[in-house]
Amino acid sequence: MQTMRASISSTSYVRLDRDGMREKMKLDHKKGVFPVLVGNEGMMERFLLPTRLTKHPFIAQLLEMSAQEYGLEQEGLLKIPYDASCFEKMLKLISKK
């Protein structure tokens, strides 16, 4: 499976906001992937990461770095503090296995 950087399809879901009001949102990705932001605060790129790769040691280490840098209760997209071009190259390598 190839790592994706673009939107693939839209799925609707209902989300409860902090005040308990319902807010209809759109997901711009398919099942089995989740969006992440990779890079430094000023320059972050959005990737769709296949959920099956979360068990890979490289991705697990990056998720740990993310938790240390931003905490476990991040709001919005998951942020990973890593060079985006290196992340993309590594994803291509581990996705081929």
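Our subject in this report is the structure included herewith. For clarity, every value in this text was computed on a predicted model and none was experimentally measured. (Residues numbered from 1 in each chain as written. Predicted model: local features only at pLDDT ≥ 70, side-chain atom pairs only at ≥ 80, totals over all residues. Heavy atoms only, no water.)

Moving on, we come to the overall build of the chain. Along the chain, the regular secondary structure elements total 2 helices and 5 strands. Seen in sequence order, the chain has helices and strands lined up from the N terminus as β-β-β-β-α-β-α. Within the chain, the fraction of its 97 residues that count as buried is 29%. Counting contacts in the chain only where the partners sit at least 6 residues apart, residues at least 24 apart contribute 46% of the total. Looking at the chain as shown, the accessible area adds up to about 6,900 Å², and 53% of this sits on carbon and sulfur atoms. (Helix = DSSP H or I, 4+ residues; strand = E, 2+ residues; numbered from the N terminus. Buried < 20%, exposed > 50% of the residue type's maximum accessible area, 1.4 Å probe, protein only. Contact = heavy atoms within 4.5 Å. Areas by Shrake-Rupley, 256 points an atom, 1.4 Å probe, with all protein chains shown as cover.)

To continue, consider the environment of L62. With respect to the helices and strands, the residue L62 is situated in helix α1 (residues 57–70). Looking at L62, the relative accessible area reads 2%, which means it is buried. It is 7.7 Å that separates the C-alpha atoms of L62 and Y82, two residues lying 20 residues apart in sequence. Other than its neighbours up to four places away in sequence, L62 contacts I80, Y82 and F87.

Take the sheet that holds strand β5 (residues 78–80) next. Spatial ordering of the open sheet is given by β4-β3-β5, a layout of 3 strands whose pairing is mixed. Here the strands that pair on one side only, and so sit at the sheet edges, are β4 (43–50) and β5. Ignoring which end each strand starts from, the neighbouring axes of this sheet average 35° apart. By the bridge criterion, 8 bridges tie strand β3 (residues 33–40) to β4 in an arrangement that is antiparallel. Bridge pairing in β4 places V33 opposite P50. Of the strands in this sheet, β3, β4 and β5 are in contact with α1, which crosses β5 at around 105°. The strands that helix α2 (residues 84–95) touches are β3, β4 and β5; relative to β4, the one it contacts most, it runs at about 15°. (Pairing = 2+ DSSP bridges. Axes fitted to C-alpha atoms, helices over the stretch in contact; angles between N-to-C directions.)

Taking 1.5 Å per residue, 14 residues should reach 20 Å; α1 reaches 20 Å between its end C-alpha atoms and fits that length. Residues of α1 that are buried: F58, I59, L62, S66 and A67. (Expected span 1.5 Å × (residues − 1).)

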